[in-house]
Amino acid sequence: MEYRKLGKTDLNVSRLSYGASPLGSVFRDISEDDGIRTVHTAIDMGVNLIDVSPYYGLTKAETVLGKALKGIPRDKYILSTKAGRYGAEYADFDFSEKKIRSSLDESLNRLGVDGVDILFLHDIEFGNLEQIFNEALPCLQALKQEGKVRYIGVTGYPLKMFSETIKQADIDCILTYCRYALYDNSLANIIPSLEEKGVGIINASPTGMGLLTNRGAPEWHPGNQQLLDACQKAVKLCQSQGVDITEVALQYAIDHPAISSTLVGTANPVNIVKNIEWAEKPVNQALVKEIRKLFDNVPVVWPSGYPENQD
């Protein structure tokens, strides 16, 4: 496993990291035992960054992850969780200092740890930016000074959120999703400004939340029909060459040298082994070029959060 420094932090994170949302049965009902074995397998194979949130499975993912981490030496893994998002509706977001502090305490209890390495504000495009910058981020800074968290950051879908945040606040890293993938690599546009500030980059959903998989996107996927159709063409192109599109998607995402780590989520031990093995192989650049052409003139971005917070 290759490791990369996360921005200006002292964290060396595995190039492939584990996204624990499937432990909350977010995509399908899972076997808790399988989920725990998946975490153990990932750590045994060198994955050291694990990301979770109280939102995933409405605290179930953190609870299962806490069981999986029990007995594992704390220096074997780097742990990140989030605060601010607790459900799917706008009313389920709370970026107040009081809620952030209580949320962190509850997360630490579920996870069975004294502190987390990274605390993110979760999907800030669903919050009031004045509150984010004047209350929520100062709260995270205070938690950092108190030693409850080592580093802080924000997550979101619109790239505008990251550009605005690094103008307003001193953060250590971002967690972006679906914005550096075969169909949309627009994250690359803001990487220079992030690097200038020493902000580390963690990338999630290299398959675009299921778009670039043989199974295809779930019914709830927010992408438009043109995007879904183009992704199906990409799947068939890969199948015609005897290649799993998920392999290409993963290799493409982790290939960018400025992205410290790419999150993959599964609750299947066999799948995590497969992902790790794929990550160790070079990407087929000729195939990538063919796939990328399929998305020329296709609208690849969907709305997320308040209208004023969109790209």
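Above this text is the structure in question.
Since the structure is predicted, the reported quantities are computational estimates derived from the model, not experimental observations. (Residues numbered from 1 in each chain as written. Predicted model: local features only at pLDDT ≥ 70, side-chain atom pairs only at ≥ 80, totals over all residues. Heavy atoms only, no water.)

Which parts of the structure should I look at to understand the overall build of the protein?
Counting secondary structure elements, the protein contains ten helices and ten strands. Here the C-alpha radius of gyration of the protein, 18 Å, is about what a compact globule of 311 residues would show, namely 19 Å. Taken along its principal axes, the extent of the C-alpha atoms in the protein is 55 × 45 × 35 Å. Considering the protein as a whole, with its 311 residues, one finds that 59% of them fall into the buried category. (Helix = DSSP H or I, 4+ residues; strand = E, 2+ residues; numbered from the N terminus. Rg over C-alpha atoms; globule rule 2.2 N^0.38 Å. Buried < 20%, exposed > 50% of the residue type's maximum accessible area, 1.4 Å probe, protein only.)

Which parts of the structure should I look at to understand helix α5 (residues 159-168)?
The periodicity of an α-helix, 3.6 residues per turn, causes residues three or four positions apart to be oriented the same way. Those residues of α5 that fall on the buried side of the exposure criterion are L159, M161, F162, T165 and I166. End-on view of α5: buried residues confined to an arc of 150°, all on one side of the axis. Counted as exposed and oriented over 90 degrees from the buried face of α5: K167 and Q168. Against α4 (129-145), β7 (149-156), β8 (173-177) and α6 (191-196) lie the buried residues of α5. (Arc of directions from axis to C-beta. Contact = heavy atoms within 4.5 Å.)

Help me understand the environment of H221, please; the structure alone is not making it clear to me.
Checked against the element boundaries, H221 lands in the loop between β9 (200-204) and α7 (225-240). Along the chain, H221 and T207 lie 14 residues apart, while their C-alpha atoms are 12 Å from each other. With residues near it in sequence (within four places) discarded, H221 still touches G208, M209, L211, L228 and W302.

Please clarify how the sheet that holds strand β6 (residues 116-121) should be interpreted in this entry.
Sheets are built from strands paired through backbone hydrogen bonds, the pairs being either parallel or antiparallel. Here eight strands make up a closed barrel; going around it, the order is β3-β4-β5-β6-β7-β8-β9-β10 and the pairing parallel. The average undirected angle you get between the axes of adjacent strands in this sheet is 30°. In terms of strand pairing, β8 meets β9 through five bridges, oriented parallel. Within β9, the residue paired with T176 across the bridge is N203. Lying over the sheet, helix α9 (residues 269-279) contacts β3 (16-19) and β10 (261-264), oriented at roughly 155° with respect to β3. (Pairing = 2+ DSSP bridges. Axes fitted to C-alpha atoms, helices over the stretch in contact; angles between N-to-C directions.)

Help me understand the pattern of salt bridges, please; the structure alone is not making it clear to me.
If charged atoms from side chains of opposite charge come close, those side chains can pair. Scanning the entire structure with this criterion turns up 18 salt bridges. A salt bridge links E2 to R4, with the shortest nitrogen-to-oxygen separation between them at 3.4 Å. Take E2: its relative accessible area is 40%, and that puts it in the partly exposed class. Owing to a relative accessible area of 12%, R4 belongs among the buried residues under this scheme. The shortest N-O distance in the salt bridge between R110 and E62 comes to 2.8 Å. Taken together, the residues R110 in helix α3 (residues 97-111) and E62 in helix α2 (residues 60-69) connect sequence positions 48 residues apart. (Salt bridge = Lys/Arg side-chain N within 4 Å of Asp/Glu carboxyl O.)

Mind showing me how you'd approach α4 here?
Compared with the 24 Å implied by 1.5 Å per residue over 17 residues, the 23 Å span of α4 between its first and last C-alpha is a close match. Its axis deflected by about 30° at A136, α4 carries its strongest bend there, up to four residues before the proline P138. Among all positions in α4, only L129, I132, F133, A136, L137, C139, L140 and L143 are buried. Summarising the contacts, the buried residues of α4 are in contact with α3, β6, β7 and α5. N-cap assignment for α4: the residue whose side-chain oxygen lies 2.9 Å from the backbone N of E130 is N128. Backbone geometry just after α4 places G147 at a positive phi near 85°. (Expected span 1.5 Å × (residues − 1). Bend = angle between axes of the 7 residues up to and from the residue. Polar contact = N/O pair within 3.5 Å; in protein donor to acceptor, adjacent residues only side chain to side chain.)

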